[in-house]
Amino acid sequence: MMNEYSKLIGKKDLFAIQFKIEEVRNPYIWGHICYWINSMMIGNFESVTILSDVFIFLPHIIYDNGNREHESFYKMDKDKVFYLLSGQAFLNNHKYEEIALTETWARFSIEMGLDVFVGTVVKLIEDKDNARIIFSSDGKEVYDLYLKKGNVEDVFTCFSVQFNAIYDSIS
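Residues numbered from 1 in each chain as written. Predicted model: local features only at pLDDT ≥ 70, side-chain atom pairs only at ≥ 80, totals over all residues. Heavy atoms only, no water.

Chemist: Would you mind going over the environment of Tyr28 with me for this structure?
Modeler: Here Tyr28 is to be found in strand 3 (residues 28–37). Residue Tyr28 is classed as partly exposed on the basis of its relative accessible area, which comes to 40%. Considered as a pair, Tyr28 and Ser52 are 24 residues apart in the sequence and their alpha carbons are 5.6 Å apart. (Helix = DSSP H or I, 4+ residues; strand = E, 2+ residues; numbered from the N terminus. Buried < 20%, exposed > 50% of the residue type's maximum accessible area, 1.4 Å probe, protein only.)

Below is the structure:
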């Protein structure tokens, strides 16, 4: 069993992942996790979740590092991008579903499907030099943040390396 371990990777005013390990019962790690975007907490850090489930979602997020450029989405109004990339557009017009599959819109998703993130939508879109996160914690209020390209991906990569090392040390 591991003593409680807490870590913040990144910068809360830009993008960060915060996690806290409370208990290890092989093969499960129990604890807390959230994102910080523009100093706003995304996710329910107070609730305990199975942190080891991040291994289901991290490979898909990291796989698309460097593959999130889309000039139109980058320049588009945040509410329109949210409408398109959150899946709401599919309900109203099936042509968007075909376009999404062709253009692989899933690559913009950086949500981890953990129960503490239910209701949140977080998308990362890049142009050739910069990045933009479009996010909502409730599906109603949509926010965006412009930042340096690679910043978010570096946080995910660092989180993956550190979390893998923790998992390897306890298993």
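The discussion continues.
Chemist: Would you mind showing me how to read unusual backbone geometry here?
Modeler: When glycine is set aside, most residues are seen to have a negative phi, and most peptide bonds are trans. One non-glycine residue with positive phi stands out, namely Asn38, at about 55°. Tracing the backbone through its elements, the reader meets Asn38 in the loop between strand 3 and strand 4 (40–42). Of note in the backbone geometry, Thr104 takes a positive phi value of approximately 45° without being a glycine. Mapped onto the elements, Thr104 comes out in the loop between helix 5 (95–102) and strand 6 (121–126).

Chemist: In this structure, what is going on with the packing of aromatic side chains? I would like to understand it.
Modeler: Centre distance and the angle of the planes are the two values used to describe a pair of aromatic rings. Using the criterion set out here, one finds 14 aromatic pairs in the structure. A centroid spacing of 5.5 Å and a plane angle of 35° characterise the contact between Phe15 and Phe156, whose relative ring orientation is tilted. Taken together, the positions of Phe15 in strand 2 (residues 15–25) and Phe156 in helix 6 (residues 151–170) put the pair 141 residues apart, joining distant regions of the chain. Judged by its relative accessible area of 1%, Phe156 falls in the buried class. An angle of 75° between the planes, with centres 5.7 Å apart, marks the rings of Phe19 and Phe163 as edge-to-face. (Phe/Tyr/Trp six-rings, centres within 6.5 Å; stacked < 30°, edge-to-face > 60°.)

Chemist: Explanation requested: helix 6 in the structure shown.
Modeler: Since the α-helix packs 3.6 residues into each turn, any two residues three or four apart lie on the same face. The end-to-end C-alpha distance of helix 6, which contains 20 residues, comes to 29 Å, matching closely the 28 Å that a straight helix rising 1.5 Å per residue would cover. Buried residues of helix 6: Val152, Glu153, Val155, Phe156, Phe159, Ser160, Phe163, Ile166 and Ile170, and no others. For helix 6, the angular spread of buried residues about the axis comes to 155°, placing them on one side. Across helix 6 from its buried face, at more than 90 degrees, point the exposed residues Asp154, Val161, Asp168 and Ser169. (Expected span 1.5 Å × (residues − 1). Arc of directions from axis to C-beta.)

Chemist: Hey, could you run me through the layout of surface pockets in this one?
Modeler: Left-over empty space is what a probe sized like a water molecule reveals as it rolls over the atoms. Of the voids in this model, the largest pocket is the one considered here, and its volume is about 190 Å³. Around the largest pocket sit 14 residues that line it, and Leu85, Phe90, Ala106, Ser109 and Lys123 are the ones nearest its centre. If you list the elements that add at least two residues to the lining of the largest pocket, you get helix 3 (78–85), helix 5 and strand 6. Of the residues assigned to the lining of the largest pocket, the class counts are eight nonpolar, four polar and two charged. (1 Å grid on protein atoms, 1.4 Å probe; cavity = no way out; pocket = protein on both sides within 12 Å on 5 of 7 lines; lining within 4 Å. Points joined across faces, edges and corners; volume = space filled by probe spheres on them. Nonpolar A, V, L, I, M, F, W, Y, C, P; charged D, E, K, R; others polar.)

Chemist: Help me understand the sheet that holds strand 6 in this model?
Modeler: Strand pairing in a sheet relies on backbone hydrogen bonds. The paired strands run either parallel or antiparallel. In space, the three strands of this open sheet follow the order 6-7-8, with antiparallel pairing throughout. One side of each edge strand has no neighbouring strand; the edge strands of this open sheet are strand 6 and strand 8 (143–148). The mean inter-strand angle of the sheet, taken between neighbouring strand axes irrespective of direction, is 20°. Sheet analysis places strand 6 next to strand 7 (residues 130–136), joined by six bridges and oriented antiparallel. Counterpart to Leu124 in the pairing with strand 7 is Ile133. Helix 3 contacts strand 6, strand 7 and strand 8 of the sheet and is inclined by roughly 70° relative to strand 7. (Pairing = 2+ DSSP bridges. Axes fitted to C-alpha atoms, helices over the stretch in contact; angles between N-to-C directions. Contact = heavy atoms within 4.5 Å.)

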